[in-house]
Each structure stands twice: as C-alpha cells, then as structure tokens.
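# Reading the structure
The lines below spell out each chain.
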Amino acid sequence: MLMSVTLTLLEGFVVTLELFLLTLLFALPLGLVISFGSMSRCAPLRWVVKTVVWIVRGTPLMLQIMVVFYGPGLMFDLPLLPRFTAAVVTFVINYACYFSEIYRGGIQGVPAGQQEAGLVLGMTRSQIFFKVTLLQVIKRIVPPMGNEFITLVKDTALVRVISVYEIIWMGESFIKKGMIWPLFYTAVFYLVANGILTLLFGWFERKLNYFK
C-alpha cells in the first residue's frame, strides 16, 4: 500500500513541478515585457496594459482558470484547450502580471540621477540599463519575487478545479479508501519545496549585498 501511495503521489508531484517550471519559464520574460508596456510613453498602450494587469490582479486565479478552460467553448463554440495547457496559459498570464509590477517597482526605484550620469559619460540607454540599472533592479526585486515563487508553489493546487491531477488531488483520492495520511505527505512536499526556495533566495540576497 505504501508503494502504491508513493507512486500515485509521485505522478501528482510531476504535474505540479511541470506547472511550476513552465509558469516561471514563460511568465518571467513576459512580465518584463508587460512592465515596459506599463511604463511606455505611449499613453494608449500604457493604459491598456495597466487595465489588463488590474483585471488579472483583481480577480481570483481560480476564476481565471475556469474562464480560460471553459470560456472558448461556451462563448465562441471553440474546442476546449487540454486541461494542463489551459492551466499553464492561465498561470503564465496571471503571474506575468504580478511579476510586471515587481519589475516596474524595481526599475522605477533606481534613482534617475544614475541614468543622467550615464548619459553624461557617453553611455547609451541600453548600456545604462544593463550595466547600471539591471543589477540594482535584481537586488530590489529578489524579496518580492521570492514571495511570488512560494505562492506559486501553493497556487498550483488550484488547477484541481478543472481536474488537473496535481499532488493534492492525488492525495485526496485516497480519502475514498479510508486513508487521510497521504494528505500529510503532500504537506511535506510543499514544506520542503518552499523551504528550498527560501534558502535559495536567502543565499541570492546575500550574494547581492554589495549594493547598499
């Protein structure tokens, strides 16, 4: 029985891990693009981006998952996306919007005088961004990014609403067999995963301590 539980939970763990990694792979760069849009000098573009970010951040992630999965079929009579694909698309959009605000705060938090000094020294704007601004932005965004990563690990459980068999779904399936202890195994997974992330981000913050 222990082997059966372990194998079942391992399947759920793989799904959870895939969702976590794919979300980061696409949401981190997309969030940077969105942040540039929200800071654009083009007012219509800036307000469109800010409106989208406001809607995504202001509505529950669970609701967004259901809309992305069921919406195309119910509203436009289109085929439903595969369940896991719908989950990935939703998570990428949601977390990209959150990441964009973190990026924006980090970029705008760097004193403008540094950019002016770089221009006086003959540096291009791209050189100033990559050689002066970027490292300071990374330093500023590490703590809030760490919080978002940890939240993402736990939010993966929400995909059960469209029957994606992540680790909690797998653990809950044993309740019908009169066993609740597999659910405690899932708690250990989350504690270990978030503990590792906490240590990694703590180490990364210490490496960036040369920016005071």
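I will try to describe carefully the structure that is included in this document. Since the structure is predicted, the reported quantities are computational estimates derived from the model, not experimental observations.

Okay, the nonpolar core next. Phe91, Phe99, Met145 and Phe149 are the most contacted members of the largest nonpolar core, which totals 50 residues. Of all the secondary structure elements, the ones that give two or more residues to this core are helix H1 (2-38), helix H2 (43-58), helix H3 (61-76), helix H4 (83-108), helix H6 (125-155), helix H7 (167-172) and helix H8 (181-207). In terms of residues, this core owes the most to one element, H4, which gives 12 residues.

Quick look at the environment of Tyr165 now. Relative to the assigned elements, Tyr165 resides in the loop between H6 and H7. Discounting residues that sit within four places of it in the chain, Tyr165 has contacts with Gly12, Val15 and Met170.

This brings us to the packing of aromatic side chains. Taken as a whole and judged by the stated rule, the model has 11 aromatic pairs. Summarising the aromatic geometry, the rings of Phe69 and Tyr70 are spaced 4.7 Å apart at their centres and angled 70° between planes, so their arrangement reads as edge-to-face. Take Tyr70: its relative accessible area is 33%, and that puts it in the partly exposed class. Among the aromatic residues, ring-to-ring pairing joins Phe20, Phe91, Tyr95, Tyr98, Phe99, Phe149 and Phe201 into one connected group.

Each full turn of the α-helix corresponds to 3.6 residues, which orients residues three or four apart in the same direction. The end-to-end C-alpha distance of H1 is 51 Å, a good match for the 54 Å that 37 residues give at a rise of 1.5 Å each. At Ala27, H1 shows its maximal bend, which comes to roughly 30°, and the proline Pro29 appears one to four places after that position.

Turning our attention to the packing of H4 against H6. Between H4 and H6, whose axes approach to 8 Å, the crossing angle comes to 140°. For the crossing formed where H4 meets H6, the hand is right-handed. Two secondary-structure elements touch here, H4 through Phe91, Tyr95, Tyr98, Phe99, Ile102, Tyr103, Gly106 and Ile107 and H6 through Phe129, Val137, Arg140, Ile141, Pro144, Met145, Glu148, Phe149, Thr151, Leu152 and Asp155. Each residue belonging to the contact of H4 with H6 can be placed in one class, and the counts come to 14 nonpolar, 2 polar and 3 charged.

Attention shifts here to unusual backbone geometry. The backbone of Asp77 sits at a positive phi, close to 55°, despite the residue not being glycine. The residue Asp77 is located in the loop between H3 and H4 in this model. Of note, the phi angle at Ser163 is positive, near 65°, even though the residue is not glycine.

Attention shifts here to the pattern of salt bridges. Enumeration according to the criterion identifies 3 salt bridges in this entry. As a salt-bridge pair, Arg57 and Glu101 come within 3.6 Å of each other at their nearest N and O atoms. In this pair, Arg57 sits in helix H2 while Glu101 sits in helix H4, placing the two residues 44 residues apart along the sequence. Taking relative accessible area as the criterion, Arg57 reaches 39% and is therefore assigned partly exposed. Glu101 is the salt-bridge partner of Arg104, the closest N and O atoms lying 2.9 Å from each other. With a gap of 3 residues between them, Arg104 and Glu101 both fall in helix H4, about one helical turn apart.

Each value, and the rule that gives it
- Residues numbered from 1 in each chain as written.
- Predicted model: local features only at pLDDT ≥ 70, side-chain atom pairs only at ≥ 80, totals over all residues.
- Heavy atoms only, no water.
- Core = buried A, V, L, I, M, F, W, Y, C linked by side-chain atoms within 4.5 Å.
- Buried < 20%, exposed > 50% of the residue type's maximum accessible area, 1.4 Å probe, protein only.
- Helix = DSSP H or I, 4+ residues; strand = E, 2+ residues; numbered from the N terminus.
- Contact = heavy atoms within 4.5 Å.
- Phe/Tyr/Trp six-rings, centres within 6.5 Å; stacked < 30°, edge-to-face > 60°.
- Expected span 1.5 Å × (residues − 1).
- Bend = angle between axes of the 7 residues up to and from the residue.
- Axes fitted to C-alpha atoms, helices over the stretch in contact; angles between N-to-C directions.
- Left-handed = near helix turned anticlockwise from the far one by under 90°.
- Nonpolar A, V, L, I, M, F, W, Y, C, P; charged D, E, K, R; others polar.
- Salt bridge = Lys/Arg side-chain N within 4 Å of Asp/Glu carboxyl O.

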